[in-house]
Amino acid sequence: MKKLMIRLTICYLIIVAGMYSLQDFFIYHPERSNPQTIAQVAKGKNLRLWPDTVDTYRGFVSEANAKIPRGTILVFHGNAGNALDRIYYATALNRLDYRVVLAEYPGYGARPGKVGEQQFTTDAVETIRRVQMDFGGPIFLLGESLGCGVVCAAVAKTAVSIKGVALITPWDTLPNLAQALYWFLPARWIVKDRYDNVANLANYRGPVAVILAGQDEIIPNRLTRRLYEALPDPKRLWEFPPAGHNSWPSGSQEPWWGDMMNFLDPKAAGNNSK
């Protein structure tokens, strides 16, 4: 029995060490794109590279339906695929007369770089600065899943004024999420990236919209609610009980898009109900 326990302990420690060394593989799922074709693909989706060329781009721009946009919404997507997969944000928000920038992460799409919280946060802060420089304000940030962590970390570090924040299926802290998903491991203690959304938004005083998927199979609802309860006002929760992590109502005609932007951008209220 003693030998068996020793063997089981050794196997467990090997699993823990493997999870520690491979954790980026479990957190980040980038889809790479051919630099020669990415501009063509973007054009086919009515997007343009921003800024300028595939060698310098940070994402894709989709212009508002109105000649004078009400502002710019900078979107940071989830952990899989790349920014070109998120055209539904542009479709829904352009019709409300907002310019949409679909940000791309280092190491995703055709962008060089390494994945990780520090790299993503530093890059996001610079992307926000470039949006301010190129388009002016007001600027809104929208994060989806992993993108919520990037948005919150960037809010804590940027010097640019952020008018409002939208978080779709967020968590409170990545260590708490890791422990919930890998309950049989000391995941909370071995995860390197923190993405502490509670701490990062503690000093933000703009409006925060939180979208909760009632049947979320990735982010436990209790972690989303824990974040929401910790947020200072103004805040508002949209809950979709039948929705899963990737099946929340993203259609451009969904009325909640207008409701959300009316909350984040009160001066435009009444005009965001198209």
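Here, the structure is the one placed above.
**Points about the sheet that holds strand E10 (residues 235-240)**
Link 1 in the chain: Spatially, E2-E3-E6-E4-E7-E8-E9-E10 is the arrangement adopted by the 8 strands of the open sheet, whose pairing is mixed. Every interior strand has two partners, whereas the edge strands, strand E2 (48-50) and E10, have only one. Each strand axis lies, on average, 20° off the axis of its neighbour in the sheet, ignoring direction.
Link 2 in the chain: Examined bridge by bridge, strand E4 (residues 72-76) and strand E6 (residues 99-103) share 5 bridges and lie parallel to one another. In the strand pairing of E6, Val75 is matched with Leu102.

**Points about unusual backbone geometry**
Link 1 in the chain: Here the bond from Gly137 into Pro138 is cis, since omega is -5°, no more than 30 degrees from zero.
Link 2 in the chain: Along the chain, Pro138 turns up in the loop between helix H5 (117-135) and strand E7 (139-144).
Link 3 in the chain: Note the cis peptide between Asp233 and Pro234, where omega equals 0°.
Link 4 in the chain: Mapped onto the fold, Pro234 is located in the loop between helix H10 (221-230) and E10.
Link 5 in the chain: Even without glycine at this site, Asp97 takes up a positive phi of about 75°.
Link 6 in the chain: Within the element layout of this structure, Asp97 appears in the loop between helix H4 (87-94) and E6.

**So, the side chain of Glu117**
Link 1 in the chain: Relative to the elements of secondary structure, Glu117 occurs in helix H5.
Link 2 in the chain: It is Arg194 that comes nearest to the buried, bridge-free Glu117 among opposite-charge side chains, at 6.5 Å.
Link 3 in the chain: Every residue in contact with Glu117, bar those within four places of it in the chain, is listed here: Tyr28, Asp193, Arg194 and Tyr195.

**Side note on helix H11 (residues 255-264)**
Link 1 in the chain: In terms of burial, H11 is a largely internal element, 7 of the 10 residues being buried.
Link 2 in the chain: Looking at H11, one finds that the buried residues are Trp256, Trp257, Gly258, Met260, Met261, Phe263 and Leu264.
Link 3 in the chain: Buried residues belonging to H11 abut E4, H4, E7, strand E8 (164-168), strand E9 (208-213) and E10.

Procedures and definitions
- Residues numbered from 1 in each chain as written.
- Predicted model: local features only at pLDDT ≥ 70, side-chain atom pairs only at ≥ 80, totals over all residues.
- Heavy atoms only, no water.
- Pairing = 2+ DSSP bridges.
- Helix = DSSP H or I, 4+ residues; strand = E, 2+ residues; numbered from the N terminus.
- Axes fitted to C-alpha atoms, helices over the stretch in contact; angles between N-to-C directions.
- Buried < 20%, exposed > 50% of the residue type's maximum accessible area, 1.4 Å probe, protein only.
- Lys, Arg positive; Asp, Glu negative; His and termini not counted.
- Salt bridge = Lys/Arg side-chain N within 4 Å of Asp/Glu carboxyl O.
- Contact = heavy atoms within 4.5 Å.

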